[in-house]
Amino acid sequence: MRFAPFCVGGLCHSIAPAPLPDSEGADGCVSFGTDLLSQGKGEESKSAPSKNETQIMNTTENIIAPGCTTPPVQATASIVKPIKFPSQPQEWKIVSLRECPTPDQLQMCDTPERAAEYWKMHIAQHPYFNPECECLVVLILNTRRKVKGHQFVSTGTMDTLLVHPREVFRLAVMASASAIVVMHNHPSGDSSPSEADIKVTRDLIRGGQLLKIDVLDHVIMGNPNHTSLRSLGYFYS
């Protein structure tokens, strides 16, 4: 009988073919470990490494023949690599969060009063709205001054709110808006504009002129009143 040599992990072995037993469970599975070879059921062969040889462990996975029921030996060491995000550009789309049923008379947002009613109907009742903090909301309008939707831009503290034209006009550009109405609340209940409100409004007006998106108004919501900065004369002619 001739022996068939083979090498696993840098160690050479040899086995002699033998008939498989007819008992149940002997399905001819062959499992290779470091220097362990088992053929059939109850048959194994070991070969100890010599002094000059280094034992190499198979840390990836054991080779199991198809149909074998013997579970592979788990790796003793594995390296967890950080998740890498794709470096290629991705395709994006606008996804609406919820539907806001609105009466027809409120969908035309051409006056501060209608903008205030829209706020009371959809913004003040939103579960994420915090009346104790200043919240900035932008209404997106089409060419007929009809509301296409709104966006929560940012939430601040009880007397401070960070506003940047990039965030204010982001959805307006993506939604092809013709105009916007900027709105935010004063938790104190006083709807009088501050110097910061006036400065931010004028910055947004200049940004809208570059983007060809009209800033129709900036409405400050108090309790229970509201104030329109356009009505106060703070908008450029």
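Only a predicted model underlies this, so the values are computations on that prediction, with no experimental measurement involved.

**Q** Explain the pairing of strand β10 (residues 214–221) to me, please; I cannot follow it from the model alone.
**A** For a regular strand, side chains alternate in direction, first toward one face of the sheet and then toward the other. With respect to burial, β10 is a largely interior element, 7 of its 8 residues being buried. Note that strand β9 (residues 179–185) and β10 share 7 bridges and pair parallel. Bridge assignment links Ala179 to a residue of β10, and that residue is Asp214. As a crossover connection, the stretch from β9 through helix α4 (residues 195–211) into β10 is right-handed. Pairing of β10 with strand β11 (residues 226–228) involves 3 bridges; the strand directions are antiparallel. Counterpart to Met221 in the pairing with β11 is His226. Adjacent in sequence and paired antiparallel, β10 and β11 are bridged by 4 residues.

**Q** Would you mind showing me how to read unusual backbone geometry here?
**A** Across the chain, the bulk of peptide bonds are trans and the bulk of non-glycine residues have phi less than zero. Of note, the bond from Asn223 into Pro224 is cis; its omega dihedral lies within 30 degrees of zero at 10 degrees. Structurally, the position occupied by Pro224 is in the loop between β10 and β11. The backbone of Arg145 shows a phi angle near 60 degrees, a positive value even though the residue is not glycine. A relative accessible area of 22% means that Arg145 is categorised as partly exposed. Even without a glycine there, the phi angle at Ser176 is positive, about 55 degrees.

**Q** Explanation requested: the sheet that holds β10 in the structure shown.
**A** The strands making up a sheet are joined through hydrogen bonds of the backbone, oriented either antiparallel or parallel. Pairing in this open sheet of 5 strands is mixed, and the strands run β8-β7-β9-β10-β11 from one edge to the other. Each end of this open sheet is capped by a strand with a single partner; those strands are β8 (147–155) and β11. Between one strand and the next, the sheet's axes are offset by a mean angle of 20 degrees, whatever the strand orientation. Across the face of the sheet, helix α3 (residues 165–174) comes into contact with β7 (135–141), β8, β9 and β10 while running at roughly 155 degrees to β8. Each of β9 and β10 is contacted by α4, which is oriented at about 160 degrees to β10, the strand it contacts most.

Basis of the calculations
- Residues numbered from 1 in each chain as written.
- Predicted model: local features only at pLDDT ≥ 70, side-chain atom pairs only at ≥ 80, totals over all residues.
- Heavy atoms only, no water.
- Buried < 20%, exposed > 50% of the residue type's maximum accessible area, 1.4 Å probe, protein only.
- Helix = DSSP H or I, 4+ residues; strand = E, 2+ residues; numbered from the N terminus.
- Pairing = 2+ DSSP bridges.
- Right-handed = clockwise from strand over helix to strand, strands pointing away.
- Axes fitted to C-alpha atoms, helices over the stretch in contact; angles between N-to-C directions.
- Contact = heavy atoms within 4.5 Å.

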